[in-house]
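The primary structure of each chain is shown beneath.
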Amino acid sequence: MTVVAVLAAILLAAAAVITSYRVLAGPSTLDRVVGIDSLMAISASGLAVWAAYSDDTTVIPAIVALALVGFLGSAAVTRFRVSDDR
């Protein structure tokens, strides 16, 4: 289990670095919104890996909260976004 948890943590960290580049260098606001939503999903996945590794179920509300904030934030930004063509 330890090898799997370490491998998952390494892959999630690599995904977070790549996604952070997309958020910082994104040419449009939609690229940045998708990147931030992906970072929320990666964070929730990291917490899920930690919960499975440590047998600690107290982080499950944080996982649910991250999923809700990520979804609602993305939906709000895409709903009220202004066009990039200025």
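Preceding this paragraph is the structure being described.
Cut-offs used in this document
- Every residue gets a number counted from 1 within its own chain, in the order that chain's sequence is written.
- Owing to the predicted nature of the model, reporting of local features is limited to residues with pLDDT of at least 70; listing and counting of side-chain atom pairs is limited to 80 or more, with chain, interface and lining totals taken over all residues.
- In computing side-chain properties, one takes all heavy atoms of the structure into account and sets aside hydrogens as well as water.
- For Phe, Tyr and Trp, where Trp contributes only its six-membered ring, two rings pair if their centres lie within 6.5 Å, and the inter-plane angle classes them as stacked under 30 degrees, edge-to-face over 60, or tilted in between.
- Secondary structure follows DSSP: runs of H or I at least 4 residues long count as helices, runs of E at least 2 residues long count as strands, and numbering of each begins at the N terminus.
- Accessibility here uses a 1.4 Å probe with only protein chains present; expressed as a share of the type maximum, an area under 20% marks a residue as buried, one over 50% as exposed, and anything in between as partly exposed.
- The definition of a polar contact used here is a pair of N or O atoms within 3.5 Å, where within protein one atom must be able to donate a hydrogen and the other to accept one, and adjacent residues in sequence count solely through side-chain atom pairs.
- To get an axis, fit a line to the C-alpha atoms, keeping to the stretch in contact for a helix; angles then go from 0 to 180 degrees between the N-to-C directions.
- For classification purposes, an angle smaller than 35 degrees is called roughly parallel, one larger than 145 roughly antiparallel, one from 65 to 115 roughly perpendicular, and anything else oblique.
- The contact criterion used is simple: two residues touch if any of their non-hydrogen atoms lie within 4.5 Å.
- Polarity classes work like this: nonpolar for Ala, Val, Leu, Ile, Met, Phe, Trp, Tyr, Cys and Pro, charged for Asp, Glu, Lys and Arg, and polar for all others, with Gly in that last group.
- To estimate how far a helix should extend, the number of its residues minus one is multiplied by 1.5 Å.
- By definition, any crossing whose near helix is turned counterclockwise from its far helix by less than a right angle is left-handed, and any crossing with a clockwise turn is right-handed.

Draft legend 1. Up close: the packing of aromatic side chains. For the structure on display, the rule yields one aromatic pair. Taken together, a centroid distance of 6.0 Å and an interplanar angle of 45° make the contact between Trp-50 and Tyr-53 tilted. Highlighted residues: Trp-50 and Tyr-53, both in helix 2 (residues 29-54), separated by three residues, approximately one helical turn. Note on Trp-50: relative accessible area 44%, which makes it partly exposed.

Draft legend 2. Local environment of the environment of Thr-58. On the secondary structure map, Thr-58 appears in the loop between helix 2 and helix 3 (60-80). At a separation of 2.8 Å, a polar atom in the side chain of Thr-58 contacts the side chain of Asp-56.

Draft legend 3. Quick look at the packing of helix 2 against helix 3. Helix 3 packs onto helix 2 with a crossing angle of 175° between their chain directions and a minimal axis gap of 9 Å. Classified by the angle their axes make, helix 2 and helix 3 are roughly antiparallel. Residue-level inspection shows Leu-30, Val-33, Asp-37, Met-40, Ser-43, Ala-44, Leu-47 and Ala-48 of helix 2 in contact with helix 3, the latter providing Ala-62, Ile-63, Leu-66, Val-69, Gly-70, Phe-71, Ser-74, Val-77 and Thr-78. Taken together, the residues that form the contact of helix 2 with helix 3 break down as twelve nonpolar, four polar and one charged.

Draft legend 4. Examining helix 2 more closely. Counted at 1.5 Å a residue, the expected span for helix 2 with its 26 residues is 38 Å, and the 37 Å between its end C-alpha atoms agrees. Within the sequence span of helix 2, burial applies to Val-33, Gly-35, Ile-42, Ala-44 and Ala-51. Structurally, helix 2 contributes buried residues whose contacts are with helix 1 (2-25) and helix 3. After helix 2 finishes, the residue Asp-55 shows a positive phi value of roughly 55°.

Draft legend 5. Local environment of the side chain of Ser-74. Within the secondary structure, Ser-74 sits in helix 3. Among the polar contacts made by the side chain of Ser-74, one reaches the side chain of Asp-37 at a distance of 3.4 Å. Apart from the residues lying within four places of it in its own chain, the contact partners of Ser-74 are Val-33 and Asp-37.

Draft legend 6. Just the environment of Phe-71, in detail. One can find Phe-71 in helix 3. Judged by relative accessible area, which is 57%, Phe-71 ranks as exposed.

Draft legend 7. Examining the packing of helix 1 against helix 2 more closely. Two elements in contact, helix 1 and helix 2, have axes separated by 9 Å at closest approach and are oriented at 165°. If you check the angle between helix 1 and helix 2, you find them roughly antiparallel. Every pair of crossing elements has a handedness; the one defined by helix 1 and helix 2 is left-handed. Contacts from Thr-2, Ala-5, Ala-8, Leu-12, Ala-15, Ala-16, Thr-19, Ser-20, Arg-22, Val-23, Leu-24 and Ala-25 of helix 1 reach helix 2 at Asp-31, Arg-32, Gly-35, Ile-36, Ser-38, Leu-39, Ile-42, Ser-45, Gly-46, Val-49 and Tyr-53. Classifying every residue of the contact of helix 1 with helix 2 by side-chain character gives 13 nonpolar, seven polar and three charged.

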